[in-house]
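# Coordinate inspection notes
So the chains spell out like this:
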Amino acid sequence: QVQLVESGGGLQPAGESLRLSCAASGRISSLGTMAWYRQAPGKKRELVATISSGGSANYGDDVKGRFTISRDNAKKTVNLQMNSLKPEDTAIYYCYARITAYQDMRVGPSDYWGQGTQVTVSS
């Protein structure tokens with residue numbers, strides 16, 4: 001019923017920038033918190049940034065001051081602007097969204113994940 005599709009991943013040299021985007025689609029009536037997570041090979045998945053339905057953002061310690069999360073409720077998208085990239089930012093980045101209400105369906109809140117997009121930062 002709901003899909004999250006990420007775009008914008010790729011390869012960049014250290015110090016450069018990338019912008020990730022995630023679009024939610026389906027019979028969504030109300031979209032709650034959205035977030036970005038990342039996971040590097042051999043490491044645990046970690047939180048990158050979250051943004052509430054009202055636009056309040058929080059960031060993981062490793063990305064504060066470099067990354068910016070934003071959302072467009074009309075378009076049902078969440079973005080991640082990544083500046084001053086470092087090799088340690090290399091990971092698969094996953095989009096997360098909490099759907100709090102559905103169109104024409106009496107279904108409770110549910111969590112959804114995108115399939116991930118690869119970000120590689122070379123030194």
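Data block above holds the structure.
Not measured: the values here are computed from a predicted model. (Residues numbered from 1 in each chain as written. Predicted model: local features only at pLDDT ≥ 70, side-chain atom pairs only at ≥ 80, totals over all residues. Heavy atoms only, no water.)

Going through the model one piece at a time under the given rule, you end up with 6 salt bridges. Linking Arg38 and Asp89 is a salt bridge whose minimum nitrogen-to-oxygen distance equals 3.0 Å. One end of the pair, Arg38, is in strand β4 (residues 28–39); the other, Asp89, is in the loop between β8 (77–82) and β9 (91–102), and 51 residues separate them in sequence. For Asp89, a relative accessible area of 0% corresponds to the buried category. Between Asp111 and Arg98 there is a salt bridge, and its shortest N-O distance comes to 2.9 Å. Here Asp111 is found in strand β10 (residues 110–113), whereas its partner Arg98 is found in strand β9, with 13 residues between them in sequence. (Salt bridge = Lys/Arg side-chain N within 4 Å of Asp/Glu carboxyl O. Helix = DSSP H or I, 4+ residues; strand = E, 2+ residues; numbered from the N terminus. Buried < 20%, exposed > 50% of the residue type's maximum accessible area, 1.4 Å probe, protein only.)

This paragraph deals with the nonpolar core. Trp36, Val48, Phe67, Val78, Leu80, Met82 and Tyr93 are the most contacted members of the largest nonpolar core, which has 29 residues in total. Those elements giving two or more residues to this core turn out to be β1 (2–7), β3 (18–26), β4, β5 (46–51), β7 (67–72), β8, β9 and β11 (117–122). Apart from the residues lying within four places of it in its own chain, the contact partners of Phe67 are Arg38, Val48, Tyr59, Leu80, Gln81, Met82, Asn83, Leu85, Asp89 and Tyr93. (Core = buried A, V, L, I, M, F, W, Y, C linked by side-chain atoms within 4.5 Å. Contact = heavy atoms within 4.5 Å.)

Moving on, we come to unusual backbone geometry. Here the phi dihedral of Lys76 falls at roughly 60 degrees; this positive angle occurs in a residue that is not glycine. With respect to the helices, strands and loops of the structure, Lys76 is situated in the loop between β7 and β8. The exposure class of Lys76 is partly exposed, given its relative accessible area of 25%. One non-glycine residue with positive phi stands out, namely Ser84, at about 50 degrees.

The computed volume of the largest pocket comes to approximately 150 Å³. The wall of the largest pocket is formed by 13 residues, among which Arg38, Lys43, Glu46, Asp62 and Glu88 lie closest to the centre. For the lining of the largest pocket, the per-class residue count stands at 2 nonpolar, 2 polar and 9 charged. (1 Å grid on protein atoms, 1.4 Å probe; cavity = no way out; pocket = protein on both sides within 12 Å on 5 of 7 lines; lining within 4 Å. Points joined across faces, edges and corners; volume = space filled by probe spheres on them. Nonpolar A, V, L, I, M, F, W, Y, C, P; charged D, E, K, R; others polar.)

A few words on the state of the cysteines. One pass over the full model with this rule turns up 1 disulfide. The disulfide partner of Cys22 is Cys95, and the gap between their sulfur atoms is 2.1 Å. The sign of the -85 degrees torsion about the S-S bond sets the Cys22-Cys95 disulfide as left-handed. Residue Cys22 is found in strand β3, and its partner Cys95 is found in strand β9; the two are separated by 73 residues along the sequence. Of the two residues, Cys22 and Cys95, neither departs from the other in class, the shared state being buried. (Disulfide = S-S within 2.5 Å.)

Bear in mind that shape data such as this cannot, by itself, settle questions of function.
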